[in-house]
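Remarks on the overall topology
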Amino acid sequence: MKIGFIGMGNMAQAIAAGFIYSDRIDGSDVYAYAPHQDKLKSNAAKIGFVPAPTLKALVTSVDVVVIACKPYQIEDVLDEIKADLKDKALLSIAAGWDHDRYEKILGSDTRIQCVMPNTPAMVGEGVLLFERVNSLKDDERAELMDLFGSLGLVEEIPTELMAIGTAVTGCGPAFMDMIMEAYADAAVKYGIPRTLAYKFVSQTMLGAAKLQLQSGSHPGVLKDAVCSPKGSTIRGVEALEENGLRNACMKSIKAVMDFSRPESK
């Protein structure tokens, strides 16, 4: 399989690097095109993919085309390469685009799959949401889902859940980062050096998440296990409840959904 990226921003770089560094695909089979050729060639030297000089050169060189440019650029890009996409597979990692929207432009000659990744894919701990509606061949889709598995957790979800799935997994890392920063600030306030504070908090969040994933326990059960009667943790939990942690988390997702899909208000 030869795979080509249209656009080579941070997310595309993370995915391409993940594929290559995990040895799931050779760098000579990964292509990319971006209008800023100097930057593209610099990234190619660093990551190990093949830079393409033009859009057409990219599309004609690969079996699978990944749309990784800005959403507002997609229609112009498709206009330029529509004929060259015939009988190829197209993957999209662009927010706001789904299978049906692509099919209206490309018809049934191009096999289409939308995927929403998130930034932790850079370290192999991402969430990759595959839209259930797709037109890939069964074996082709299985191979691609296996390939994306090198970047983290792969899940298939219905089209109607892609927006909320993206809100939680795509925006979520920023919200988790804010929580990490806040607890690190608290640690610094009480004397822990900043570098150590980030390390302690980040590892604590990583450990708590891994414990939940591996045990399958309800987060409330894991929380209860740390809260001793009349202990310090339950006092911290009380303070979080008094200051609206749960409500703030839910409101952050509502704000995302209201922005991306006004009818969800």
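Above this note sits the structure.
About the criteria used
- Residues numbered from 1 in each chain as written.
- Predicted model: local features only at pLDDT ≥ 70, side-chain atom pairs only at ≥ 80, totals over all residues.
- Heavy atoms only, no water.
- Helix = DSSP H or I, 4+ residues; strand = E, 2+ residues; numbered from the N terminus.
- Buried < 20%, exposed > 50% of the residue type's maximum accessible area, 1.4 Å probe, protein only.
- Contact = heavy atoms within 4.5 Å.
- Areas by Shrake-Rupley, 256 points an atom, 1.4 Å probe, with all protein chains shown as cover.
- Lys, Arg positive; Asp, Glu negative; His and termini not counted.
- Charge placed at Lys NZ, Arg CZ, Asp CG, Glu CD.
- Salt bridge = Lys/Arg side-chain N within 4 Å of Asp/Glu carboxyl O.
- Core = buried A, V, L, I, M, F, W, Y, C linked by side-chain atoms within 4.5 Å.
- Phe/Tyr/Trp six-rings, centres within 6.5 Å; stacked < 30°, edge-to-face > 60°.
- Lys NZ or Arg CZ within 6 Å of the ring centre and 35° of its normal.
- Pairing = 2+ DSSP bridges.
- Axes fitted to C-alpha atoms, helices over the stretch in contact; angles between N-to-C directions.
- Disulfide = S-S within 2.5 Å.
- Patch = residues over 30% accessible without salt bridge, like charges linked within 9 Å, V, L, I, M, F, W, Y side chains within 5 Å.
- Parallel < 35°, antiparallel > 145°, perpendicular 65-115°, else oblique.
- Left-handed = near helix turned anticlockwise from the far one by under 90°.

Let's shift gears to the overall build of the chain. A tally of helices and strands in the chain yields twelve helices and eight strands. When the backbone C-alpha atoms are referred to their principal axes, the chain occupies close to 70 × 40 × 30 Å. Burial statistics for the chain: of 265 residues in total, 38% are counted as buried. Once local pairs closer than 6 in sequence are excluded, the contacts in the chain between residues at least 24 apart make up 59%. Carbon and sulfur atoms form 57% of the exposed surface of the chain, whose accessible area is close to 15100 Å². Of the side-chain charges in the chain, 28 are positive and 34 negative, and the distance between the mean point of each set is 6 Å.

This next bit is on the pattern of salt bridges. Taken as a whole and judged by the stated rule, the model has eleven salt bridges. D185 serves as the salt-bridge partner of R194, at 2.6 Å between the closest nitrogen and oxygen. For D185, a relative accessible area of 35% gives the class partly exposed. Each of R132, R141 and E156 takes part in salt bridges that share partners, so that together they form one network.

Right, let's get into the nonpolar core. F5, M8, I15, F19, V30, F49 and F148 are the most contacted members of the largest nonpolar core, which has 35 residues in total. Secondary structure elements with two or more residues in this core: strand 1 (3-6), helix 1 (10-21), strand 2 (30-33), helix 2 (37-47), strand 4 (64-67), strand 5 (89-92), strand 7 (126-131) and helix 6 (138-148). Counting residues per element, this core draws most heavily on helix 1, at eight residues. Setting aside residues up to four positions removed in sequence, F148 forms contacts with I15, F19, L91, V115, L128, F130 and V154.

This next bit is on the packing of aromatic side chains. According to the stated counting rule, one finds three aromatic pairs in the structure shown. Note on W97 and Y102: the rings are 4.8 Å apart at their centroids and 45° apart in plane angle, and the pair reads as tilted. Exposure class is identical for W97 and Y102. Each is buried. For the pair F130 and F148, a centre-to-centre distance of 5.5 Å together with 85° between the ring planes defines the contact as edge-to-face. Of this pair, F130 sits in strand 7 while F148 sits in helix 6; the two residues are 18 residues apart in sequence, bridging distant segments of the chain. For F148, a relative accessible area of 1% puts it in the buried group. Aromatic ring contacts, followed pair by pair, group F19, F130 and F148 into a single cluster. Directly above the aromatic system of W97 lies the positively charged group of R101, at a separation of 3.8 Å from the ring centroid.

By way of backbone hydrogen bonds, the strands of a sheet pair with one another, either parallel or antiparallel. With mixed pairing, the eight strands of this open sheet are ordered in space as 3-2-1-4-5-6-7-8. Both edges of this open sheet fall to strand 3 (50-51) and strand 8 (152-157), since each of them pairs with a single strand only. Packed on one face of the sheet, helix 1 meets strand 1 and strand 2 and runs near 165° to strand 1. Along the sheet, helix 5 (residues 99-106) contacts strand 4, strand 5, strand 6 (111-116) and strand 7; its crossing angle with strand 6, the most-contacted strand, is approximately 145°.

With that settled, the discussion passes to the state of the cysteines. As enumerated under the stated definition, the model contains zero disulfides in all. The thiol sulfur of C69 is not disulfide-bonded, and the nearest other cysteine sulfur, from C114, lies at 12 Å. Of the cysteine sulfurs around C249, a residue in no disulfide, the closest is that of C171, at 13 Å.

What follows deals with a nonpolar patch on the surface. The grouping of Y183, L240 and L245 at the surface amounts to a nonpolar patch, some 250 Å² of accessible area in total. The class for L245 is partly exposed, based on a relative accessible area of 35%.

Counting through the fold element by element, N43 comes out in helix 2. Between the C-alpha atom of N43 and that of L151, which follows or precedes it by 108 residues, the distance is 19 Å. Excluding anything up to four places from it in sequence, N43 contacts M8, Q13, G48 and F49.

Another point: the packing of helix 8 (residues 172-189) against helix 9 (residues 194-215). At their nearest, the axes of helix 8 and helix 9 sit 8 Å apart, and the two run at 130° to each other. As summarised for this structure, helix 8 and helix 9 are arranged oblique, according to the angle between their axes. Where helix 8 crosses over helix 9, the two elements pack in a sense that is right-handed. Along its contact with helix 8, which presents M176, I179, M180, E181, Y183, A184, D185, A187 and V188, the element helix 9 presents R194, A197, Y198, V201, S202 and M205.

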